[in-house]
Amino acid sequence: MNRILMLLTLALILAGAAVGQSPAMKVRSPGDRSDPIIVMFGPGVSLLGVQNNPGTYDFLNDKCWGNTFVLNGSGEWFTSHLTVTMDYISGQPNPESGNMISYGTWSMTIYKEGAYFGTVFGEVASGDISWRTNPKTGLIDGRNTDAYLRILGTVDGMSKFWQEPGLMRLNADTRLDGVRAVTTASLDSDF
């Protein structure tokens, strides 16, 4: 009798553990529209801000270090603050063939109904910068940054949403013809 009770108890414990783990074990497939982070960034998030640091040119390595953008945006149920810092090779702007992004980091703080909700962060996986020149002056007056941001982790409320590496595409257009380098951008999931 004790043996039967012990086996029954063990079976119930294992069944409870299996049921308790099933939501955490959910496998997300590419394009899974039930995943909240895909829904958040799937239709694209509009961002507005500035390039607050053009970066520092390292003439020995022909590289630009620390080019930084600070952008604010909103989605269907959230507002956000995105900071992206990147490095690019052939550090001087190259209007003919552009520049390749070599590395960077980013973080995005998410607010829900005006209160802090969580943070998503990662690295700049790849990307390119193309430059625009003013035909009258021949001077660079703008740039377009097309970068892929890899999600490496989440904090607080965002950790409920995403636990796998993923990519988001940042497309940013920056005007360089004024005092402030005003930037408009969009952020889309690339899952």
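About the thresholds
- Residues numbered from 1 in each chain as written.
- Predicted model: local features only at pLDDT ≥ 70, side-chain atom pairs only at ≥ 80, totals over all residues.
- Heavy atoms only, no water.
- Patch = residues over 30% accessible without salt bridge, like charges linked within 9 Å, V, L, I, M, F, W, Y side chains within 5 Å.
- Areas by Shrake-Rupley, 256 points an atom, 1.4 Å probe, with all protein chains shown as cover.
- Salt bridge = Lys/Arg side-chain N within 4 Å of Asp/Glu carboxyl O.
- Helix = DSSP H or I, 4+ residues; strand = E, 2+ residues; numbered from the N terminus.
- Buried < 20%, exposed > 50% of the residue type's maximum accessible area, 1.4 Å probe, protein only.
- Phe/Tyr/Trp six-rings, centres within 6.5 Å; stacked < 30°, edge-to-face > 60°.
- Core = buried A, V, L, I, M, F, W, Y, C linked by side-chain atoms within 4.5 Å.
- Contact = heavy atoms within 4.5 Å.
- Lys, Arg positive; Asp, Glu negative; His and termini not counted.
- Polar contact = N/O pair within 3.5 Å; in protein donor to acceptor, adjacent residues only side chain to side chain.
- Pairing = 2+ DSSP bridges.

1. Some words on a nonpolar patch on the surface
Together, Tyr111, Tyr116, Phe121, Leu152 and Val155 make up a nonpolar patch on the protein surface, roughly 430 Å² of accessible area in all. When contributions to the nonpolar patch are tallied by element, the ones reaching two or more residues are β6 (115-133) and β7 (140-156). Examined against the element boundaries, Leu152 turns out to sit in strand β7. Overall, Leu152 belongs to the exposed group, its relative accessible area being 51%.

2. Overview of the packing of aromatic side chains
The geometry of an aromatic ring pair comes down to the distance between the two centres and the angle between the two planes. Within this structure, the stated rule accounts for two aromatic pairs. Between Tyr111 and Tyr116, the ring centres sit 6.4 Å apart and the planes meet at 75°, which makes this aromatic pair edge-to-face. A residue is classified by how much of its surface remains accessible, and Tyr111, at 31% relative accessible area, is partly exposed.

3. Considerations on the pattern of salt bridges
This structure, assessed with the given rule, holds four salt bridges. Arg150 serves as the salt-bridge partner of Glu123, at 2.7 Å between the closest nitrogen and oxygen. With Glu123 in strand β6 and Arg150 in strand β7, this residue pair connects regions lying 27 residues apart in the sequence. Exposure remark for Arg150: the relative accessible area of 30% places this residue in the partly exposed category.

4. Things to note about the nonpolar core
Core analysis: the largest hydrophobic core is formed by 28 residues, its most contacted members being Leu47, Leu82, Trp106, Leu170 and Leu187. Secondary structure elements with two or more residues in this core: β1 (45-53), β3 (63-74), β4 (79-89), β5 (99-112), β6, β7, β8 (166-175) and β9 (182-189). A per-element tally of this core places β6 first, with five residues. Beyond its immediate chain neighbours, meaning those up to four positions away, Leu47 contacts Leu71, Asn72, Gly73, Ser80, Leu82, Met108, Leu170, Thr183, Thr184, Ala185 and Leu187.

5. Looking at the side chain of Asp87
The topology assignment puts Asp87 in strand β4. Lys63 is the oppositely charged side chain nearest to the buried, salt-bridge-free Asp87, at an N-O distance of 4.9 Å. A polar contact of 2.9 Å, which involves the side chain of Asp87, links it to the backbone nitrogen of Gly66. With residues up to four places along the chain from it excluded, the contact list for Asp87 reads Lys63, Cys64, Trp65, Gly66, Met100, Ile101, Ser102 and Tyr103.

6. Let's talk about the pairing of β8
Alternating positions in β8 separate cleanly, Gly166, Met168, Leu170, Ala172 and Thr174 being buried on one face and Leu167, Arg169, Asn171, Asp173 and Arg175 remaining unburied on the opposite face. One ladder, built from ten bridges, connects β7 with β8; its direction is antiparallel. When the sheet's bridge partners are listed, Ile151 is paired in β8 with Gly166. Looking at chain direction, β8 and β9 are connected through seven bridges and run antiparallel. Residue pairing in the sheet places Ala172 in a bridge with Ala185 of β9. Between the antiparallel neighbours β8 and β9 lie six residues.

7. Details of unusual backbone geometry
Positive phi is not limited to glycine here, since Ser90 has a value of about 50°. Considering the arrangement of structural elements, one finds Ser90 in the loop between β4 and β5. For Glu113, which is not a glycine, the phi torsion comes out positive at approximately 55°. Following the sequence through the fold, Glu113 ends up in the loop between β5 and β6.

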